[in-house]
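Chain and residue survey
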Amino acid sequence: MLSERRLQVLRAIVQDYVGTEEPVGSKALTERHNLGVSPATVRNDMSALEDDGYIAQPHTSAGRIPTDKGYRLFVDKLAGVKPMTAPERRAIQNFLDGAVDLDDVVARTVRLLAQLTRQVAVVQYPSLTRSTVRHVELLALAPARVMLVLITDTGRVEQRMVDCPAPFGEASLADLRARLNSRVAGRRFADVPKLVEDLPDAFEHEDRGTVSMVLSTLLETLVEENEERLMIGGTANLTRFGHDFPLTIRPVLEALEEQVVLLKLLGEAKDPGMTVRIGHEIAHEGLNSTSVVSVGYGSGGEAVAKLGVVGPTRMDYPGTMGAVRAVARYVGQILAES
């Protein structure tokens, strides 16, 4: 275990390096921070921190910079989450309140996160598997053609065309719509197949083929793979941090183009807490010089997806964690109200 004083020295090194982008020396530390000890003592502490792998010397004449291990300890033990100011919170709420639908909510969230943190923002669309059905609408487009519209509790809208095996009257369609919604409205997607399996039996023999077709289209919509959609923004922000990436920014940009990589980075939506992955903790080699801060968002206290930011390991962790948490909270409120 590190002594309290060495933890304070490490905190000061991280704060100074993040703020100045320059390796930190013992003289500068004692001048800038009220550590209550001499530069010689700080030098000894820095030497011990270096021996333990918390800081490193980038080149011979320089001061020290934090390692991934140093940032990890800083995040776990030393960094509080910096709360947003009241004007910042109002700005977030006003910006997100203007959204007209789910796509707009996600697009605005990406822009907002990228602007607040000056990093790359990644927002996952609400997952269908954790959603509930708000309403199913059935519209007759032709005697044997129906449009099925599925509306979820997160505001997501999915539309499908159903070509019926025989003409289906308006009265039968209204009956199917009413029976279907009485069974599935407010229910989780996973429960729907069981709830509708005997529904065709409630209809006349000549209508059962059409009812079965509508139900199979609904069930296909519930399990479709397109649920794992993402939106990313602010990639240009990384160009401001060119010197934070050892050789080139290219591996980072290439990794950010892979949706599977980004979904793994954000982590499982069912784990809604704040997650910070730093440097080599990220399994993808192209992202070893980055950190990822992510958190779940959703309505009614349950996370339906994740959002977060990707930036260099030399990151303002308290500020980034505060921004990510605040935005997730507001997005959750909007979903709950929509």
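Predicted model, so just to flag it, every value in this text is computed and none were measured.

Below, the discussion takes up the pattern of salt bridges. Any two side chains of opposite charge can pair, on the condition that their charged atoms come close. Per the stated rule, a full pass over the model turns up 17 salt bridges. For Arg 314, the salt bridge is made with Glu 21, and the minimal N-O distance between the two is 3.8 Å. Residue Arg 314 is found in the loop between β10 (305–312) and α12 (317–337), and its partner Glu 21 is found in the loop between α1 (4–20) and α2 (26–32); the two are separated by 293 residues along the sequence. For Glu 21, a relative accessible area of 38% translates into the label partly exposed. Three or more residues are tied together by salt bridges with common partners; here these are Arg 5, Arg 6 and Asp 45.

Bringing the nonpolar core into the picture now. Counting 58 residues, the largest nonpolar core has Leu 29, Tyr 297, Leu 307 and Tyr 317 as the members making the most contacts within it. Per-element tally for this core: the top contributor is α12, with 11 residues. Formed jointly, this core draws a minimum of three residues from each of two domains, domain 1 (4–67) and domain 2 (86–126 + 228–337).

Our next topic: the domain arrangement of the chain. Considered domain by domain, the chain is made up of domain 1 (4–67), domain 2 (86–126 + 228–337) and domain 3 (129–224). Placing the centre of domain 1 and that of domain 2 at their C-alpha centroids yields a distance of 30 Å.

A few words now on the pairing of strand β4 (residues 133–142). Note: β4 against strand β5 (residues 145–152), eight bridges, orientation antiparallel. Bridging from a neighbouring strand, His 135 pairs with Ile 151 of β5. Connecting β4 to the antiparallel partner β5 that follows it, the hairpin turn spans two residues.

Moving on, we come to a nonpolar patch on the surface. Together, Leu 139, Leu 141 and Met 161 make up an exposed nonpolar region whose accessible area comes to about 260 Å². For Leu 141, the location among the structural elements is in strand β4.

About the criteria used
Residues numbered from 1 in each chain as written. Predicted model: local features only at pLDDT ≥ 70, side-chain atom pairs only at ≥ 80, totals over all residues. Heavy atoms only, no water. Salt bridge = Lys/Arg side-chain N within 4 Å of Asp/Glu carboxyl O. Helix = DSSP H or I, 4+ residues; strand = E, 2+ residues; numbered from the N terminus. Buried < 20%, exposed > 50% of the residue type's maximum accessible area, 1.4 Å probe, protein only. Core = buried A, V, L, I, M, F, W, Y, C linked by side-chain atoms within 4.5 Å. Domains from an automatic or database assignment. Pairing = 2+ DSSP bridges. Patch = residues over 30% accessible without salt bridge, like charges linked within 9 Å, V, L, I, M, F, W, Y side chains within 5 Å. Areas by Shrake-Rupley, 256 points an atom, 1.4 Å probe, with all protein chains shown as cover.

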